[in-house]
Amino acid sequence: MTRLSGWGRYPGADVALLRPGAPGDVKAALHDVDGVIARGNGRAYGDAAIGTRACLSILALDRVLAFDPGSGRVTVEAGMQVNDLIATFLPRGFFPPVVPGTCFPTVGGLIAADAHGKNHHRDGGFGDQVEALTLQLASGETCILTPENALFAATVGGMGLTGVVLDATFTLRRVESGLIRQQTIVAGNLRAAMAALDEGDAAQYSVAWIDASATGATLGRSLVFLGQHATAADVGAERAHASLAARPPARLAVPFDLPAFTLNRASVAAFNTLYFRKGAMRAGASFLVPHAPYFFPLDAISGWNRIYGARGFLQHQCVLPLATAEAALAEIMQRVAARGTASPLAVLKKLGAGHGLLSFPLPGFTLALDFAVSDDIFGFLDDLDAIVLRAGGRLYLAKDARQSRPMFEAGYPRLAEFRKIRQQVDPAGKFASQLSRRLGL
Amino acid sequence: MNTILVIGGTSDIGRAIALRFAAAGWRIQIAGRDTAGLAREAADIAARTTSDVSVHRLDILSGPSFVAFLDSLGSLPDVAVSVVGLLGDARRAEADPSHAADVMRSNFEGPALLLGELAERFVSRGSGVLIGISSVAGERGRASNYVYGASKAGFTAFLSGLRNRLARHGIRVVTINPGFVRTKMTAAIKLPPIVTAEPGEVADAVFASATGKRRGDVLYVRRIWSPIMLVIRSIPETVFKRLSL
């Protein structure tokens, strides 16, 4: 038995860990096992990638099966990580079509969560990029799925519950440099931040850091980061070429769990004010940054999940429809600022529609907030859930460790379709996670 | 263009070595018993690097097949590295002679005979580099793992003798002792981080040695192993047998 938890280190569970060495070994590894779920690099925050009895690690399934340098189309095994995709193909002028806020997830994990990136408003989620995938079913058979298949829509965003994704085909984006041309917009309050993100629809990438400590007239003040891949014309052919092969800088590390009091009202507010002022100094004209700090700012600090202390942390990530977002966001931010224990790492982002049956995105705004686990945090987050529910929003399953079943069911209107398909392909419930058991998926 | 033969091409270390040399533009020959696994690695290497990769079936326990195997390579490689190894189950190897023989033959007999055959061909050509991945376990017999250790000790001694014989012919023979490495073979063992290398570090050491950037006939991948093994080698046997190392 192995003790496993998600990135938030809450909750943990003892499960059997299966480690197939190749896609062809997955069927045998799954034989006679139930209550199992595929697990990539453990970057889901909560209990999505912990089986009820077993986990099937796909980390050894990290080979590239095919690559066409003419079109950028690539087929990779599901355990390949985003950082490996970038390290392998950026030197050849290609970038993944969608990357989340960390470079450590696997392709299989991105599909299971239908992960979104900073270009979701334009390009959709990772699932929307997938042209075909191979799925290992509970029956022992494998099938190749394309977007026309009903099972494909259940698998994209399906949290691994339809089977094990073995490989996937998608097309990389051609880029001329490894740099991002970034523009920072200072938004003094929530309305200004939302307006800046609306205007940012034209940008290839957009995301906002939101100051969760600000109150009153500055409630929701934000730094909006717009970005696009810098072209050779932007930076000169020589620098563009060199930046493609540039290696990311060495990582700092958090070597031990910080005491729980490290992140208190005063330290977080001080950090937020400094971060806001520092970012605001770069506002206005665009500037160039390497891709890694733009897309994956927290990856520069290895083990940053330890700053919340040994009990772990919870991320509350909701999405709110366009029509109700402003009022609901204001209410959430007021409560968070009043509580005073929110993370320094709050993110606001505009999303488009999602296309998997359980995909998280819907046209609106998503807000992500981190909270250290404490005795009273669960009730507080239930109150935030009530605001999300009234506004017609929902929570991201890849981040979730604690939402209630009614909250989940109200947020995902295509749940019945998903359950029906799952009943067909896995009637005995071979695939099950702590999350699926908790939410009755 | 230079060519490297990776013997044991489906192991984690073998894969890392092949990818490292392919990234530098070398032609790759990978050899092993698992032909489906070899094909998977070859497709991966070719897609990642555009290098030319060929696969060659090899049974390291079948010495008589080595001549035909080497003839099948097409061209004799410039560098050959043996990554073949079998950790086995130490407890089982103590009491089960056939398992112990598998460990001995996989770590010593097979790799030594194959590198010996390659050495003859390198001498006829007048050039070549032979690299053996051996083990720190071969430097001292330990209660916990002596069948594996003895087979690696044999391999290390073979490489040493081969090196001293071939030096006058301009053929280099290098012994690389990786120390602990995080691989499939050690997935179930808890390893101390400071002395545990990633497969890519072993690959870097092999590449640096093959291209002359790292000198030395016997290399530890992480240099910290050098003082550690100096201490472990110098403890008198009367004392060593009372320690549980």
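No experiment lies behind these values; they were computed from the predicted model shown.

Cut-offs used in this document
Within any chain, residue numbers begin from 1 and follow the written order of that chain's sequence. To read the labels, note that chains go from A and ligands from 1, taken in the order they are written. Reporting in this predicted model follows two pLDDT cut-offs: at least 70 for local features of residues, and 80 or more for side-chain atom pairs to be given and counted; totals over whole chains, interfaces and linings ignore these cut-offs and use all residues. Heavy atoms from the whole structure form the basis of all side-chain values; hydrogens and water molecules are not counted. Throughout this description, buried means an accessible area under 20% of the type-specific maximum (1.4 Å probe, protein chains only), exposed means over 50%, and partly exposed covers the range between. Segments assigned H or I by DSSP are reported as helices when at least four residues long, segments assigned E as strands when at least two residues long, and all are numbered from the N terminus. A pair of strands is considered paired only if DSSP assigns at least 2 bridges between the two. Should a side-chain nitrogen of Lys or Arg be within 4 Å of a carboxyl oxygen of Asp or Glu, the pair is scored as a salt bridge.

Q: Explain the pairing of strand S13 (residues 205-210) of chain A here, please?
A: Two faces, one strand: in a regular strand the side chains alternate between the faces of the sheet. Residues and elements named next belong to chain A. Along S13, six of the six residues are buried, which leaves the element largely enclosed by surrounding structure. Bridge analysis of S13 against strand S14 (residues 222-229) gives six bridges, and the strand direction is antiparallel. From the neighbouring strand, Ile-210 faces S14, where its bridge partner is Ser-222. Here S13 runs beside strand S19 (residues 347-351); their pairing, made up of two bridges, is antiparallel. Bridge pairing in S19 links Trp-209 to Val-347.

Q: What should I look at first to understand the pairing of strand S8 (residues 132-136) of chain A in this one?
A: All names here are of chain A. Of all five residues in S8, five are buried, a share of seventy percent or more. Taking every second residue as pointing to the same face, both faces of S8 are buried, with Ala-132, Thr-134 and Gln-136 on one and Leu-133 and Leu-135 on the other. Note: S8 against strand S10 (residues 164-171), five bridges, orientation antiparallel. Along S10, the bridge assignment pairs Leu-135 with Val-165. By the bridge criterion, four bridges tie S8 to strand S9 (residues 142-145) in an arrangement that is antiparallel. Across the sheet, the residue bridging to Leu-133 is Leu-145, located in S9. Counted along the chain from S8 to the antiparallel partner S9, the turn is five residues long, and its residue Gly-140 has a positive phi close to 100°.

Q: Would you take a moment to explain the pattern of salt bridges for this structure?
A: Here the idea is simple: oppositely charged side chains can pair when their charged atoms come close. All names here are of chain A. On inspection of all chains with the given rule, the structure shows 41 salt bridges over all chains. Of the charged contacts in the structure, one is a salt bridge between Arg-181 and Asp-234, with a shortest N-O distance of 3.3 Å. Residue Arg-181 is located in strand S12 (residues 179-187), and its partner Asp-234 is located in helix H8 (residues 232-235); the two are separated by 53 residues in the primary sequence. For Arg-181, a relative accessible area of 24% corresponds to the partly exposed category. For Glu-326, the salt bridge identified is with Arg-191, shortest N-O distance 2.8 Å.

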